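# Commentary on secondary and tertiary structure
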Amino acid sequence: MKENPEARATAFHPASAPDYIPAPLLRGLQLKRLQAIVRRAYERVDLFRERLKERGLVPDDIQSLGDIARLPFTVKNDLRDTYPFGLFASPLEEIVRLHASSGTTGKPIVVAYTKEDVEVWTSVMVRTLASFGLGHGDVIQNSYGYGLFTGGLGAHYGAEDLGATVIPISGGNTDRQIMVMRDFRVTAICSTPSYFLHLTERAAELGIDMRELPVRVGVFGAEPWTDSMRRHLEACSGIKAYDLYGLSEIVGPGVACECYLQDGLHFFEDHFYPEIIDPQTGDTLPDGAEGELVLTTLSKQAMPMIRYRTRDITAFITAPCACGRTHRRMRRISRRSDDMFIIRGVNVFPSQVETALLQVEGTLPHYQIILTRQKGLDEMEVQVEVTPEIFSDKIGALEQFEARLMDSLECVLGIRVAVRLVEPHSIQRSEGKAKRIVDKRNS
Amino acid sequence: MKIHQLSLFLENRPGHLIEPMRVLAREGVDVRTLSVADTAQFGILRMIVSDWPKASQALQNAGYVVKVTEVLAVEVPDRPGGLAEVLALFQAGSINVEYLYAFPFGRAGKAVIIFRFDKPDEAIERLRTAGINVVDSVEVYNSGMTA
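Figured I'd write up the structure that's included with this text. What you see is a predicted model, and the numbers here were worked out from it, not measured in a lab.

## So, the overall build of chain B
A count of helical and extended segments in chain B gives six helices and six strands. Sorting the 147 residues of chain B into buried and exposed places 29% on the buried side. For chain B, restricting intrachain contacts to residue pairs at least 6 apart in sequence, the fraction spanning at least 24 positions comes to 68%.

Below you can see the structure in the form of structure tokens.
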């Protein structure tokens, strides 16, 4: 049986103390940390120093938090261009952890942590889980993938430091996940929301009603999800489904999270400074206006990110939150300003698909990405038009070709996706340009 | 000796076979024989037609991917064991039959079968040595009238 999920979420957890720093003190702390991180990046990261010099700026020019707008942006391509270690501000021997995420060229983006960075990351994940009402005595099933992806280890360290019992089950093997959830009396699960929906549906097929299990909290992230999805998840499983936000370039999970009111995500502003900008002009937007989220790491030693453009579209919620936290909130991420999409928690760019197809064919075929949701799981199919170069009168040759495409896509994307060969000219072109993505997941 | 076969890529969906047939009908090209190799998702239509250059051009103009392959039309004795005897010629020398399909007519107690070999020249040599007739291309293309 479940206990009321809200009873604990409204209780104060000691780890959450920094969430309530009075705003003037928080601003003072942010300025001090911003000045220090700008100086560190200026002294240790060539790219950042050159960009400041181009603008005639020195670290001492940062005299107020508003001065941050004078600093140059950092974009994802900067991480690719400096692959693998070019943006590090610490020597490799001080770095205790490397993670990587996929990039559009097939090369991953590398992120680094010193020992202190891991401690900060752990602390923001502790605060995230505490704000969801979790603590000592909880049994947390961590179904985020372990490995180069930051989700698994990020949630793991936080949950363990919180004093909870952690089950590092990672992703996959749905029936075993359900068995563990029931038999180990799991009270909280970390996963993508779509995977939890899949678990709930599969459990029902096995005759297990999620509402009858002890699980009471869902720690959901790594993909955008809607409020209607949340209501559906909560109704069919009896849990409280919480949203958390993060990205590897900044730290991983733990950049922002909801409180028990589930009305926007509070940033952990003592470590991450958020801005909302106009994605076209780069100008800072007034509070409450919708724009692109830009984040600056205030304490990250190994790899400071100054004004990193997340491409996520959101807005600040200007009213103070009734939970009493002083850290600003953003609306849940509704969309992105580029063409990236997320499938099974993995970032995918159409250009990555192109890279994979090019590697096999030598020339770019007409292709289309079809996204669907089957039994709550996101599925991706790449349709490829048959060209004279690849066509054969032998079935075996075409099947081999399909397999090679699948292997190449898996190599670049890190996930296995379906490939379907289609007739020439069967993919619709609009104004001479093919529509690359057909998203049927919410239809 | 060798004859020209056209292959087309088709998706395995209702209605996808009819269009190329209509293209050939408009061009007045006759289909002598055909076969469809299928998987769950797609199929390959292979055919021998009365005028392959014209058919190939028309189908490509209609947007199809067309492949021209050289195959052999072999006369096989139309009696029990007839095909086994012919196939035995290729067994020893590791010549592989990629696929085969038959003409809808026979000639004087012989069936005519289209063979796609991985080593067609070696196959011709063996057939000739064994006294098996490989049908001339002109005869095949005009087969509808002579049969």
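## A few points about the overall build of chain A
Helix and strand content of chain A: 11 helices and 23 strands. Going through the 443 residues of chain A one by one, you find that 45% of them count as buried. Looking at chain A alone, contacts between residues at least 24 apart form 68% of all its contacts between residues at least 6 apart.

## Describing the interface of chain B and chain A
Facing the 16 residues of chain B at the interface are 15 residues of chain A. Secondary-structure elements contributing two or more residues to the side of chain B that touches chain A are β1 (3-11), β3 (42-49) and β4 (66-77) of chain B. The element that contributes the greatest number of residues to the side of chain B that touches chain A is β1 of chain B, accounting for four residues. Taken together, the residues that form the side of chain B that touches chain A break down as seven nonpolar, five polar and four charged.

## As for the pairing of strand β2 (residues 109-114) of chain A
Residues and elements named next belong to chain A. The element β2 is largely enclosed, with a buried count of six among its six residues. Where strand β1 (residues 95-101) lies against β2, six bridges are found, and the strand directions are antiparallel. Looking at β2, one finds that S101 is bridged to I109.

## Overview of the sheet that holds strand β5 (residues 97-107) of chain B
All names here are of chain B. Spatially, six strands are ordered β2-β3-β1-β4-β6-β5 in an open sheet, and the strand pairing comes out antiparallel. The open sheet has two edge strands with one neighbour each: β2 (31-38) and β5. Each neighbouring strand pair of the sheet contributes to a mean axis angle of 35°, computed without reference to strand direction. Both β4 and strand β6 (residues 110-117) contribute to a ladder of six bridges, which runs antiparallel. What sits directly across from L72, in β6, is F115. Here helix α4 (residues 120-129) sits on the sheet and contacts β4 and β6; the angle it forms with β4, its principal contact strand, is near 15°.

## What to know about the packing of helix α1 (residues 18-27) of chain B against helix α2 (residues 52-61) of chain B
Residue and element names in this part refer to chain B. The contact between α1 and α2 brings their axes to 10 Å, and the two run at 125°. Taken together, the axes of α1 and α2 are oblique relative to one another. Like other packed secondary-structure pairs, α1 and α2 cross with a definite hand, here right-handed. Here P20, V23, L24 and E27 of α1 lie close against α2, whose contacting residues are K54, A55, A58 and L59. Broken down by class, the residue content of the contact of α1 with α2 amounts to six nonpolar, no polar and two charged.

## A closer look at the nonpolar core
L129, L134, V219, V255 and L295 of chain A are the most contacted members of the largest nonpolar core, which has 87 residues in total. Sort the elements by how many residues they give to this core and helix α5 (residues 115-131) of chain A lands first, with seven residues. Core analysis: the next-biggest nonpolar cluster, separate from the first, contains 56 residues, L405 and L409 of chain A together with V29 and F115 of chain B among them.

## Structural notes on the packing of helix α10 (residues 350-361) of chain A against helix α11 (residues 395-413) of chain A
The angle between the axes and the distance between the axes are what describe a pair of packed helices. Residue and element names in this part refer to chain A. Relative orientation of the contacting elements α10 and α11 amounts to 135°, with a least axis distance of 8 Å. With respect to each other, α10 and α11 are oriented oblique. When the axes of α10 and α11 are compared, the crossing they make is right-handed. Two secondary-structure elements touch here, α10 through Q352, V353, T355, A356, L357, Q359 and V360 and α11 through R404, L405, S408, L409, V412 and L413. Counted by class, the contact of α10 with α11 contains eight nonpolar, four polar and one charged residues.

## Observations concerning the pairing of β4 of chain B
The sheet contact formed by β1 of chain B and β4 of chain B spans six bridges and is antiparallel. In the sheet register, L8 of chain B faces β4 of chain B, and the bridge partner there is V66 of chain B.

## What about the sheet that holds strand β9 (residues 265-267) of chain A?
All names here are of chain A. As summarised here, the arrangement of the nine strands in space is β4-β3-β5-β6-β7-β8-β9-β14-β13, forming an open sheet in which the pairing is mixed. Two strands close off the open sheet at either side, each with one partner strand: β4 (165-167) and β13 (316-317). Here β13 pairs with strand β14 (residues 329-330) via two bridges, running antiparallel. Paired with I317 across the strands is R329, a residue of β14.

## Examining α5 of chain A
All names here are of chain A. Compared with the 24 Å implied by 1.5 Å per residue over 17 residues, the 24 Å span of α5 between its first and last C-alpha is a close match. The buried fraction of α5 amounts to 12 of the 17 residues, a majority that puts the element mostly inside the structure. Residues D117, V120, W121, T122, V124, M125, V126, R127, T128, L129, A130 and S131 constitute the buried set of α5. Positive backbone phi, at 85°, marks G133, one or two positions downstream of α5.

## As for the environment of L8 of chain B
All names here are of chain B. Position of L8 among the secondary structure elements: in strand β1. Considering only alpha carbons, one finds L8 and Y64, 56 residues apart in sequence, at a separation of 6.8 Å. With sequence-adjacent residues up to four places away left out, L8 is seen in contact with P20, L45, L59, Y64 and V66.

Conventions we followed
- Residues numbered from 1 in each chain as written.
- Chains lettered and ligands numbered in written order.
- Predicted model: local features only at pLDDT ≥ 70, side-chain atom pairs only at ≥ 80, totals over all residues.
- Helix = DSSP H or I, 4+ residues; strand = E, 2+ residues; numbered from the N terminus.
- Buried ≥ 20, exposed ≤ 12 C-beta atoms within 10 Å, placed from the backbone.
- Contact = placed C-beta atoms within 7 Å.
- Nonpolar A, V, L, I, M, F, W, Y, C, P; charged D, E, K, R; others polar.
- Pairing = 2+ DSSP bridges.
- Axes fitted to C-alpha atoms, helices over the stretch in contact; angles between N-to-C directions.
- Parallel < 35°, antiparallel > 145°, perpendicular 65-115°, else oblique.
- Left-handed = near helix turned anticlockwise from the far one by under 90°.
- Core = buried A, V, L, I, M, F, W, Y, C linked by C-beta atoms within 7 Å.
- Expected span 1.5 Å × (residues − 1).

By themselves, these are just geometric observations and shouldn't be taken as functional.
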